[in-house]
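Breakdown of the fold
Now for the letters of each chain:
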Amino acid sequence: MIAGQKSRTALAGIVALALLAPVGALPTVEPAAEPAPETAAEPASLARFEARQFAPGEVVVVRWNGPQPAGSLEGRFLGREFRFFETNAGAAGMIGIDLDDPLGPATLAIHCENGAGGKDLVFTKKLAIVDKEFPTQELTVESKYVELSPENQKRTKEEGVLIRKAFVRNTPHRYFREGFQSPVPGAQSGRFGERRVFNGVPKSPHTGADLRAQTGTPVLATAEGVVIETGDFFYLGNVVFLDHGYGLISYYAHLSEILVSEGDIVSGGQILGKVGATGRVTGPHLHWGVKLRDTRVDPFALVELDFDALLAAP
Ligand SMILES: [Zn+2]
């Protein structure tokens with residue numbers, strides 16, 4: 001039947017087009033035969049944005065399509081500055097949307113030295129941040145973790161200073177070379193963003209992912225980084241903090257054993273320590289947290305973005 005043949009031909013065309021398009025990959029920048037003059041670029045095409053969604057706790061990759069080197073670009077979003085780094089497909093930057101960031105439109109600005117006609121250029125784009133529901137989780141822990149003694153109040157205050165120092169780092173070196181991996185395989189027993197009630201008392205939201213695993217399971221670095229802090233903390237138990245560069249910090253808590261030292265440079269997948277049940281826990285698991293320019297983001301937002309496509313060596 002002719003109508004049927006036409007449909008099949010049309011369908012084949014659609015399938016062929018679909019095969020050409022990278023499925024689930026970050027959009028790639030087509031290499032130009034010769035550098036296009038800056039004035040020919042449409043402002044809207046100068047930057048592209050990749051994220052699971054524009055919502056609290058998400059990571060947004062900003063890809064710059066202009067010819068300017070990463071070092072000449074400065075980004076700003078929700079009052080936070082971010083730097084760009086070089087990739088095989090031009091400059092890119094990463095921003096986080098914090099759990100407490102306001103919903104609705106937010107302007108992202110990229111200031112660029114030496115834009116069209118040698119003048120500085122400011123690119124702006126409005127991103128619409130949508131609401132995201134986080135469930136409430138009720139947990140029961142030892143009462144000392146809910147009603148803090150004066151000694152433990154002092155201890156958590158001192159540890160808080162060290163933690164803040166780690167989270168605000170913005171090292172202009174990209175340690176991460178490829179995609180990010182989950183530090184232990186297995187199911188998440190506690191998700192990022194859950195509103196938490198400990199022994200009936202509402203506490204801070206859960207700002208990491210809990211990965212269920214037996215005590216002694218190796219904990220792997222999500223990507224290359226430098227060990228910036230380790231220790232036995234009141235809430236976090238034995239913990240390792242890694243700086244991956246460009247404001248990206250990851251930490252691994254409640255460990256039974258720490259196998260790295262401050263100053264070590266670790267590769268992605270290297271064993272940092274072992275799963276345990278130290279600090280404020282209900283049982284053995286890994287609490288894995290990620291901060292990006294001091295915003296609290298879901299570690300799995302990193303794992304699920306196709307960074308391999310973005311960051312592979314030229
Ligand atoms: Zn946790």
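Residues numbered from 1 in each chain as written. Predicted model: local features only at pLDDT ≥ 70, side-chain atom pairs only at ≥ 80, totals over all residues. Heavy atoms only, no water.

Enumeration according to the criterion identifies 13 aromatic pairs in this entry. Centroid distance Tyr-145 to Phe-234: 4.9 Å. Interplanar angle 45°. Geometry classified as tilted. Within this pair, whereas Tyr-145 is found in the loop between strand 9 (136-139) and helix 2 (150-167), its partner Phe-234 is found in the loop between strand 15 (225-233) and strand 16 (237-245), the two being separated by 89 residues in sequence. We note that Tyr-145, like Phe-234, is buried. On the basis of an interplanar angle of 70° and a centroid distance of 5.0 Å, the ring pair of Phe-234 and Tyr-235 is categorised as edge-to-face. Residue classification places Tyr-235 among the partly exposed residues on the basis of a relative accessible area of 28%. (Phe/Tyr/Trp six-rings, centres within 6.5 Å; stacked < 30°, edge-to-face > 60°. Helix = DSSP H or I, 4+ residues; strand = E, 2+ residues; numbered from the N terminus. Buried < 20%, exposed > 50% of the residue type's maximum accessible area, 1.4 Å probe, protein only.)

Turning our eyes to something else, we now look at empty space enclosed by the protein. Summed over all chains, the structure comprises 1 cavity of 30 Å³ or more. By volume, the largest cavity amounts to about 50 Å³. For the lining of the largest cavity, the secondary structure elements donating two or more residues are strand 4 (80-83) and strand 6 (90-96). Among the elements that take part in the lining of the largest cavity, strand 4 stands out by supplying 3 residues, more than any other. Within the lining of the largest cavity, the residues separate by chemical class into 3 nonpolar, 2 polar and 3 charged. (1 Å grid on protein atoms, 1.4 Å probe; cavity = no way out; pocket = protein on both sides within 12 Å on 5 of 7 lines; lining within 4 Å. Points joined across faces, edges and corners; volume = space filled by probe spheres on them. Nonpolar A, V, L, I, M, F, W, Y, C, P; charged D, E, K, R; others polar.)

For Val-226, the position within the fold is in strand 15. Judged by its relative accessible area of 11%, Val-226 falls in the buried class. Along the sequence, Val-226 and Ile-249 sit 23 residues apart, while their C-alpha atoms lie 9.6 Å from each other. With residues up to four places along the chain from it excluded, the contact list for Val-226 reads Tyr-175, Phe-241, Leu-242, Asp-243, Gly-263, Asp-264 and Ile-265. (Contact = heavy atoms within 4.5 Å.)

It is worth spelling out the sheet that holds strand 11 (residues 195-198) at this point. Sheets are built from strands that pair by backbone hydrogen bonding, the pairs being arranged parallel or antiparallel. Read across the open sheet, the 3 strands follow the order 9-11-12; overall the sheet is mixed. Whereas interior strands pair on both sides, the edge strands pair on one side only; in this sheet they are strand 9 and strand 12 (201-202). Of the strand pairs in this sheet, strand 11 and strand 12 are connected by 2 bridges, and their pairing is antiparallel. Directly across from Phe-198, in strand 12, lies its bridge partner Val-201. (Pairing = 2+ DSSP bridges.)

Everything listed here is a matter of coordinates, which is why it stays silent on function.
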